[in-house]
Amino acid sequence: MSEIKLAPYDLTEECLQRCRRLYRESFPKNERTPGIEHFARKKNVDYFAVYDGDSFVGISYNVRHRDIVYIFYLAVSPEFQGMGYGSKILSLLKNKYSGCRLILNIEEVEAGYSNYEQRLKRLKFYEQNGFIKTGLKFKEIGVTYDMLCFCQQGSEIKRKDYLDLVKDYLGGFLYYTAYKLISI
């Protein structure tokens, strides 16, 4: 592993294809956001293609709201998984957004799910990288998520913080007409 970098997502055909492919391969259809590339142009969104030298290794899609950064999507290309890239990307994000509360959602970690071991492994990965469970759960498009936070001592995330971020990201109309109808 040489020096990895977060490169701002751009609209070159090569970058588009790599990012789109990894996004589709990494996230089930019901966990993908319609119009993600449209939203990536917003001022409060940072969409990064992650490179190790010239090798494309992953993506990170982040939404900023006040002092909160929501790591909406983080994925490492299959051929680079298990090599420490996920931890290195999280380290870069922690440095980039120093002083901010970083949050992310993972599929609910409860026994009884057919992929429970995978969910538990994901939780342990984030815990090893300093994230803690907040106790907040969100149901979006039929999927229940546990929210994790990388926060400074004494700070916390409240349900309203996350909902304000989602409203800011989607805009009031989409938030009230779409998100509120499909989520709790």
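Trainee: Please clarify how the pairing of strand S2 (residues 45–52) should be interpreted in this entry.
Mentor: Sheet faces and side chains relate simply in a regular strand, where the side chains alternate between the two faces. The buried fraction of S2 is high, at eight of eight residues. Burial of the side chains of S2 extends over both faces: Val45, Tyr47, Ala49 and Tyr51 are buried on one face and Asp46, Phe48, Val50 and Asp52 on the other. Here strand S1 (residues 4–8) runs beside S2; their pairing, made up of five bridges, is antiparallel. Paired with Ala7 across the bridge in S2 is Ala49. Pairing analysis gives eight bridges linking S2 to strand S3 (residues 55–65), with the strands arranged antiparallel. Directly across from Val50, in S3, lies its bridge partner Gly58. The hairpin formed by S2 and S3 contains two residues between the paired strands, and Gly53 there has a positive phi angle of roughly 65°.

Trainee: Would you explain the sheet that holds strand S7 (residues 143–150) in this entry?
Mentor: Across the sheet, seven strands lie side by side as S1-S2-S3-S4-S5-S7-S6; this open sheet has mixed pairing. The sheet is open, and its two edges are formed by S1 and strand S6 (132–140), each paired on a single side. Here the average twist between neighbouring strands, direction ignored, is 30°. Along the sheet, helix H1 (residues 13–26) contacts S2, S3 and strand S4 (68–76); its crossing angle with S3, the most-contacted strand, is approximately 75°. Here helix H5 (residues 159–170) sits on the sheet in contact with S2, S3, S4, strand S5 (101–107), S6 and S7, set at roughly 105° to S3.

Quick notes on the rules
- Residues numbered from 1 in each chain as written.
- Predicted model: local features only at pLDDT ≥ 70, side-chain atom pairs only at ≥ 80, totals over all residues.
- Heavy atoms only, no water.
- Buried < 20%, exposed > 50% of the residue type's maximum accessible area, 1.4 Å probe, protein only.
- Helix = DSSP H or I, 4+ residues; strand = E, 2+ residues; numbered from the N terminus.
- Pairing = 2+ DSSP bridges.
- Axes fitted to C-alpha atoms, helices over the stretch in contact; angles between N-to-C directions.
- Contact = heavy atoms within 4.5 Å.

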